[in-house]
Amino acid sequence: MSSGLETTFPRQYAATRRFTLGTPRNIQISADGHRVLFLRSKAGDDPVLCLWELTIATGVERLVVDPNDMADLDADLPAAERARRERAREGAAGIVSYSLDDEATTAAFALGGSLFSVELAAGTLRSHATDAGVFDPRIDPSGRRIAFMIGSDLHLVELDGTNSSVLATDDDPLVSWGRADFIAAEEMGRSRGFWWAPDGQSLIACRVCESSVQRWWIADPANPGVAPAEIRYPAAGTANAEIGLALIQLDGQRTEIRWHSPVPDVDPFEYLNDVVWSEGHDPLVVRQTRDQRTVSIAAVSTAAASQMAVVEQRRITDDVWVELLPGSPSWSALGLLTLEDRADLDRRVLCLDGRPISPDDIHVRSIAAVCGTTAVVTAWTDSTEIHVWAIDLEDESRSRRLTSDAGVHNVVAAAAVAVITSTSLEQSATRFVVRALGQDLGDGAPLPDLVAIQNHAATPVISTAPEMLRLGKRLLAAALFLPTGHDGRSPLPVLLDPYGGPHAQRVVRSHLPHLTSQWFADQGFAVLVVDNRGTPGRGPSFERAVWGDLAGPVLEDQLDALDAASEKYPFLDLERVGIRGWSFGGYLATLAALRAPDRIHAAIAGAPVTTWHLYDTHYTERYLGHPDDYPSHYANNDLTAEAASLQRPLLLIHGLADDNVVAAHTLRMSSALLAAGRSHHVLPLSGVTHMTPQEIVAENMLHLQRDFLLEHLGSVPPGR
């Protein structure tokens, strides 16, 4: 952080984009295992990401491309790139993504809608003459050409700048080639819509038709002269985009990839989850049914371009839903690897051709890489920690954990090299260590550290050491934060600070995610963070306990944990309890204020989902089913219908430019509260999306929330 003025935590939190700036990211390893490429800004308050290269043998880092030396190209970001960044919750600037060829000789990237490539050894930067509006460029594995998007069209250019062409386009403005649809990017983690063949001689690309998707408009009320932005939003129960695939040759010739349906003209596999195209294998197409209870993994024969047949390799089914997981499926030398939830085992397992092969005591989280006959995965035995494991595909008994320190660890691996990212409760700085995996990962020998990647993230002006707890009859993972220097006896109002929804954990052994909770504690609260049923880390049955009811089990667990904590810590004042949350956490905060006024005395709800009919198909229907089939699920989880129950102070906060949880959620809730005669507060944020990246907003939002809680819970911390 810049010196001179006093730095407060809210100011630092906002300026550092939640302490993400200056941290290495988008890590890739060269095929020969000699170099590591990554993005990083120069300082913890610098938002401009640069491209760096680390030579492992020498430990020397080299700045390859610095966007600060170029024009302010981010000022002209294409609308499609802004949307892509919103889906990815990307708040940085500069080179936010890049693509490498197989040998890591050349990188391609976009800046401000212009296309660039850089020859890594010499650092030679090339600006490619294309039309404006470039996004999502991807260099082919052989390093000879780049495919990229402009608007709704897929383009191609040779690396030397010759033979620029449009590979796929359509006269229909509602059809795009090569783009990820909204549902794929927002809910499936698939940000791409085209995939290179391993030899670089063809591509597979998505055809997305949005003609059936309903139109919504996002207005900017603060600027009435600006026309509303039209979006196509597939709300629960409505039509999704129609997704097709085609194999495209370099001359633009394309052949549709067809899959046969048992019912004529009806395709039960409505969702395209992923395409996986690996060297030595036909591409895999991963599709999912609308009810999400079946996933089909099928291989596409590319031998004859006129007949694109698919042959199913694996079908995964579940009585509730099939979870989509990073790295699954992946090919190995011994067969197809998948991650699957097994109800009989109540855990998530790594499977080889459908047979579980991961150790019995771990829950596998992702497949990070396949190195020979070893799968490198992330997994947990305790929900508060994530570790890196090497699973021996030939001999399960030789599998072993590659990380030992308590904390959260992730990994990028290739060839015989791994970059392991580690965080802990005790250290605020994330560590990035390059290690040699070796040829035999199962021999029990420790992995040698080769070199560390520098982390320039800012050091927080506060620190935290929460009490990690297991609370209540379900032994819910929880973390308790007290004001710095609290005597352990003086009564404290309580602030529940959950997310509470699927796919996200708050209670982990990592320092940075807890700093905001500690800051609120230092304002005079005992802050309790609880991971309730529906959150990951405790097995399939724990996650699936919320099917059909996103309200009851979630709120019950929060209150059970509160009671259990008060028994252990009598100084928790249960007559002064508040709750705050964003997104699903905002839903939970509103829910608590409505259904538990005897327990919750003030609530802050940021970007809350208040009526699930207004949220998207893939997420909502996974947990509540299709509204035509399960209308009671939607009625029972609709908060606007319970507006008359409000008895406590409620602050609703919403970004008016939010295209994920649209502002209609808060506006309808406010209207329902007004109709019921219930006093409440609404804070509209002009020009703010779901991720609130603006510094002034991020900083002052913390102050406003603190003041609201202090006003209604009647606590003033010492010294204020």
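The shown structure was predicted, so the numbers you read here are calculated from the model rather than taken from an experiment.

A.B. asks: Honestly, the sheet that holds strand 21 (residues 271–276) in this entry has me stumped. Any pointers?
C.D. replies: Within a beta sheet, neighbouring strands are joined by backbone hydrogen bonds and run either parallel or antiparallel to one another. The strand order across the open sheet formed by four strands is 21-22-23-24, and the pairing between neighbours is antiparallel. The open sheet has two edge strands, strand 21 and strand 24 (310–317), and neither has a second partner. The mean inter-strand angle of the sheet, taken between neighbouring strand axes irrespective of direction, is 20°. With five bridges connecting them, strand 21 and strand 22 (residues 284–288) associate as antiparallel partners. Bridged to Val275 within strand 22 is Val285.

A.B. asks: I would appreciate a short explanation of the packing of aromatic side chains in the present structure.
C.D. replies: Both the distance between ring centres and the angle between the ring planes are used here to describe each pair of aromatic rings. Within the structure shown, the criterion is met by 17 aromatic pairs. Ring geometry for Trp547 versus Tyr630: centroids 5.1 Å apart, planes at 90°, classification edge-to-face. Of this pair, Trp547 sits in the loop between helix 5 (540–544) and helix 6 (552–568) while Tyr630 is found in the loop between helix 8 (617–624) and helix 9 (631–636), placing the two residues 83 residues apart along the sequence. Assessed through its relative accessible area of 24%, Trp547 is described here as partly exposed. Its relative accessible area of 27% is what places Tyr630 among the partly exposed residues. Between Tyr619 and Tyr623, the ring centres sit 4.9 Å apart and the planes meet at 70°, which makes this aromatic pair edge-to-face. Taken together, the residues Tyr619 and Tyr623, both in helix 8 and four residues apart, mark about one turn of the helix. Taken as a pair, Tyr619 and Tyr623 share a single burial class, namely buried. One aromatic cluster is present, built from ring pairs that chain together Trp321, Tyr499, Phe584, Tyr587, Trp612, Tyr615, Tyr619 and Tyr623. Note that Arg287 overlies the ring of Phe269, its terminal NZ or CZ placed 4.6 Å from the centroid.

A.B. asks: Sorry if this is basic, but what is going on with helix 4 (residues 515–522) here?
C.D. replies: With respect to burial, helix 4 is a largely interior element, seven of its eight residues being buried. Of the residues making up helix 4, those classed as buried are Leu515, Thr516, Ser517, Gln518, Trp519, Phe520 and Ala521. For helix 4, the elements touching its buried residues are helix 1 (9–15), strand 38 (476–481), strand 39 (492–496), strand 40 (526–530), strand 41 (572–582) and helix 11 (695–713). Just beyond helix 4, the residue with positive phi is Gly524, at close to 115°.

A.B. asks: Help me understand the packing of helix 6 against helix 7 (residues 584–595), please; the structure alone is not making it clear to me.
C.D. replies: For any two helices packed against each other, the geometry is given by the interaxial angle and the distance between the axes. Relative orientation of the contacting elements helix 6 and helix 7 amounts to 75°, with a least axis distance of 10 Å. The pairing of helix 6 with helix 7 is recorded here as roughly perpendicular in orientation. Contacts between helix 6 and helix 7 pair Gly552, Val554, Leu555 and Gln558 from the former with Phe584, Leu588, Leu591, Ala592 and Arg595 from the latter. When grouped by side-chain class, the residues that make up the contact of helix 6 with helix 7 number six nonpolar, two polar and one charged.

A.B. asks: Got a minute to help me understand the sheet that holds strand 12 (residues 153–158) in this structure?
C.D. replies: Pairing is antiparallel across the open sheet formed by four strands, whose spatial order is 10-11-12-13. Among the strands making up the open sheet, the edge pair consists of strand 10 (134–139) and strand 13 (165–168). Averaged over all adjacent pairs, the angle separating strand axes in this sheet is 30°, with direction ignored.

Calculation criteria
Residues numbered from 1 in each chain as written. Predicted model: local features only at pLDDT ≥ 70, side-chain atom pairs only at ≥ 80, totals over all residues. Heavy atoms only, no water. Pairing = 2+ DSSP bridges. Helix = DSSP H or I, 4+ residues; strand = E, 2+ residues; numbered from the N terminus. Axes fitted to C-alpha atoms, helices over the stretch in contact; angles between N-to-C directions. Phe/Tyr/Trp six-rings, centres within 6.5 Å; stacked < 30°, edge-to-face > 60°. Buried < 20%, exposed > 50% of the residue type's maximum accessible area, 1.4 Å probe, protein only. Lys NZ or Arg CZ within 6 Å of the ring centre and 35° of its normal. Contact = heavy atoms within 4.5 Å. Parallel < 35°, antiparallel > 145°, perpendicular 65-115°, else oblique. Nonpolar A, V, L, I, M, F, W, Y, C, P; charged D, E, K, R; others polar.

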